[in-house]
Amino acid sequence: MIVNRGNRGAMEDILTIMKTRRSIRRFKNQDVPDELLEKIMEAGRWAPRGDNGQAWRFIVVRDPETKSALGRIATEGSGRRFTAEYFTGRLEERFEGLKDEGKKAKAFQKLRSGVVSAFLADAPVIIVVCAYLDVWDVPYDVAMATQNMQLMAHSLGLGTCVVVAPVCDIVDDHKTMELLKVPHGYKVALPLAVGYPDESPRPRPRWALEDIVFYEEFGKRRQT
Amino acid sequence: MIDSTYFQDTFSALVKSLYYERGRGAYFRAAMVGRDYIDRTEIRGDTSEEVIENCVKFLVENDITEKVVYKKDKSDTFFTFEIKGCVHLPIEERLKEQGVPAFVCPPINIILHKIRQLIGLAVEIADITVNQEEGTCIVRVVIFKQQ
């Protein structure tokens, strides 16, 4: 357990956990024990929160029909959005670095079909992070809880992926709320797919720190 | 009757708030704006074209827009709507001054909602371009062939 403040080794462990976490979209056909799920949600429960609002609520979904319905909503939503981006040329802009036209066409086809989000149905477990709305900092609180959960899952040898596709569009959001019987006054924030990883994705590129850090005011670089 | 400036100011402030909360994702959060209003009226149609025609008639008769025309590309799914003289145009003017891109179009939301509801087709707004000088908006939309 990493609790020792000022312990350099512990700090490096935390950074290693953060840097080696990946979004996992392919899972082994292996159940996740309840005790591990509880550890993950316990990590969420200890996230920072504004005004002690504790907006988070968690729905653990294992039922194949419910997972399938969530996967369907996610697939349709992603397909619609990527198709719209295809027609406007925005998808082309996203892939401007990819010169192989065959690969590009294949990628477009995959995105337009929405299948990129279909894996949600195949996750052994989906923890649906919901939020109580009568607190001040809803999106930030639940996002911090979700990240805690992802890091804990990774440290336990599990993979996760936040799949916003079933709640990105407000019309889909309403379908998801109805499916999960989420009452008024709450919202579905972030569905989190959880399972044992069956892939090892490479890290995605990140901006260098010097490109994103300013000093004293936005845009001001450190004097060298 | 209250000055419409009041509604333009308040509506634009709300839209700006939403944009600053969700950024580009605000597009997808505004898709239902306008649909309660059209649901007070019975609109009919057996095809997308009929639904569009009847919704446009409703929008013009209720002084929401002066004119709406559209065309579709060869894929038969990508539609370009041109909306002239829309009551929401002064709101977009305010938003543009504050650096907020156009992302809410209640007239198109109304049309797409009815297509989804009556024909069962999937729909998506692709982008919105406002031309203040000409008093028009161009809204590009995907109306899919299936749910």
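Look up a bit, the structure's there.
Before going into details, it helps to say that this report is about the structure given with it.

Cut-offs used in this document
Residues numbered from 1 in each chain as written. Chains lettered and ligands numbered in written order. Predicted model: local features only at pLDDT ≥ 70, side-chain atom pairs only at ≥ 80, totals over all residues. Heavy atoms only, no water. Axes fitted to C-alpha atoms, helices over the stretch in contact; angles between N-to-C directions. Helix = DSSP H or I, 4+ residues; strand = E, 2+ residues; numbered from the N terminus. Left-handed = near helix turned anticlockwise from the far one by under 90°. Contact = heavy atoms within 4.5 Å. Nonpolar A, V, L, I, M, F, W, Y, C, P; charged D, E, K, R; others polar. 1 Å grid on protein atoms, 1.4 Å probe; cavity = no way out; pocket = protein on both sides within 12 Å on 5 of 7 lines; lining within 4 Å. Points joined across faces, edges and corners; volume = space filled by probe spheres on them. Pairing = 2+ DSSP bridges. Expected span 1.5 Å × (residues − 1). Buried < 20%, exposed > 50% of the residue type's maximum accessible area, 1.4 Å probe, protein only. Arc of directions from axis to C-beta. Patch = residues over 30% accessible without salt bridge, like charges linked within 9 Å, V, L, I, M, F, W, Y side chains within 5 Å. Areas by Shrake-Rupley, 256 points an atom, 1.4 Å probe, with all protein chains shown as cover. Salt bridge = Lys/Arg side-chain N within 4 Å of Asp/Glu carboxyl O. Parallel < 35°, antiparallel > 145°, perpendicular 65-115°, else oblique. Phe/Tyr/Trp six-rings, centres within 6.5 Å; stacked < 30°, edge-to-face > 60°. Lys NZ or Arg CZ within 6 Å of the ring centre and 35° of its normal.

What follows deals with the packing of helix α2 (residues 34–45) of chain A against helix α6 (residues 138–155) of chain A. All names here are of chain A. In the contact formed by α2 and α6, the axes pass within 7 Å of each other and the chain directions differ by 145°. For the pair α2 and α6, the sense of crossing is right-handed. In contact with K39, I40, M41, A43 and G44 of α2, α6 contributes A145, N148, M149, M152 and A153. When its residues are assigned to classes, the contact of α2 with α6 shows seven nonpolar, two polar and one charged.

Each pocket or cavity is described by its volume, and for the largest pocket that value is around 2000 Å³. Surrounding the largest pocket, 50 residues form its lining, S23(A), R25(A), R94(A), C161(A) and R204(A) being those nearest its centre. Where the lining of the largest pocket is concerned, the elements lending two or more residues are α1 (8–20), α3 (64–88), α5 (101–113), α6 and β3 (159–162) of chain A together with α2 (26–29) and β3 (123–131) of chain B. Ranked by residues supplied to the lining of the largest pocket, first place goes to α3(A) with six residues. A breakdown of the residues in the lining of the largest pocket according to their chemical character gives 27 nonpolar, seven polar and 16 charged.

Moving on: the sheet that holds β3(B). Residue and element names in this part refer to chain B. The antiparallel open sheet is built from four strands, whose spatial order is β1-β2-β4-β3. Each of the sheet's edge strands pairs with one partner strand only, and the pair in question is β1 (67–72) and β3. The sheet shows a mean angle of 20° between the axes of neighbouring strands, direction not considered. By the bridge criterion, six bridges tie β1 to strand β2 (residues 78–84) in an arrangement that is antiparallel.

Time to look at α2(A). Residue and element names in this part refer to chain A. With 12 residues, α2 ought to run about 16 Å at 1.5 Å a step, and its terminal C-alpha atoms sit 16 Å apart, in line with that. Along α2, the positions that sit buried rather than exposed are L36, L37, I40, M41, A43 and G44. Down the axis of α2, the smallest arc covering the buried residues is 150°, so these residues share one side. Along α2, the residues that are exposed and aim more than 90 degrees away from the buried face are E35 and E38. Structurally, α2 contributes buried residues whose contacts are with β1 (56–61), β2 (125–132), α6 and β4 (186–195).

This brings us to a nonpolar patch on the surface. A contiguous nonpolar surface patch, about 570 Å² in accessible area, is contributed by M1(B), I2(B), Y6(B) and F7(B). Tracing the backbone shows I2(B) in the segment before α1 (4–22).

Looking now at the packing of helix α4 (residues 48–61) of chain B against helix α6 (residues 106–119) of chain B. The description of two packed helices rests on the angle between their axes and on the distance between the axes. All names here are of chain B. For the pair α4 and α6, the least separation of the axes is 9 Å and the interaxial angle reads 140°. Of the possible angle classes, the one that applies to α4 and α6 is oblique. α6 is crossed by α4, and the crossing has right-handed handedness. Seen from α4, the contacting residues are S48, V51, I52, C55, V56 and L59; seen from α6, they are P107, I110, I111, K114, I115, L118 and I119. Broken down by class, the residue content of the contact of α4 with α6 amounts to 11 nonpolar, one polar and one charged.

All right, on to the packing of aromatic side chains then. Taken as a whole, this structure holds 15 aromatic pairs over all chains when the rule is applied. For the ring pair F79(B) and F81(B), a centre distance of 6.3 Å and an interplane angle of 15° mean the geometry is stacked. Like F81(B), F79(B) is buried. Through a chain of ring-to-ring contacts, three or more aromatic side chains come together here, namely Y86(A), F87(A), F95(A), F108(A) and F78(B). Looking at R112(A), its charged tip hangs above the ring of F87(A), at a distance of 5.3 Å from the centre. Just above the ring of Y27(B) sits the side chain of R24(B); from NZ or CZ to the centre is 5.0 Å.

This paragraph deals with empty space enclosed by the protein. Enumeration according to the criterion identifies three cavities of 30 Å³ or more in this entry. Considering the residues around the largest cavity, the lining is formed by 13 residues, among which D169(A), Y27(B), A31(B), N109(B) and I125(B) are closest to the centre. Broken down by secondary-structure element, the contributors of at least two residues to the lining of the largest cavity are α2, α6 and β3 of chain B. Counting residues per element, the lining of the largest cavity draws most heavily on α6(B), at four residues. A breakdown of the residues in the lining of the largest cavity according to their chemical character gives eight nonpolar, two polar and three charged.

Once that is clear, we can look at the pairing of β4(A). Residue and element names in this part refer to chain A. By the criterion of burial, β4 is predominantly enclosed, with eight of the 10 residues buried. Bridge count between β3 and β4: four bridges; the pairing is antiparallel. By the bridge assignment for β4, V162 is matched with L192.

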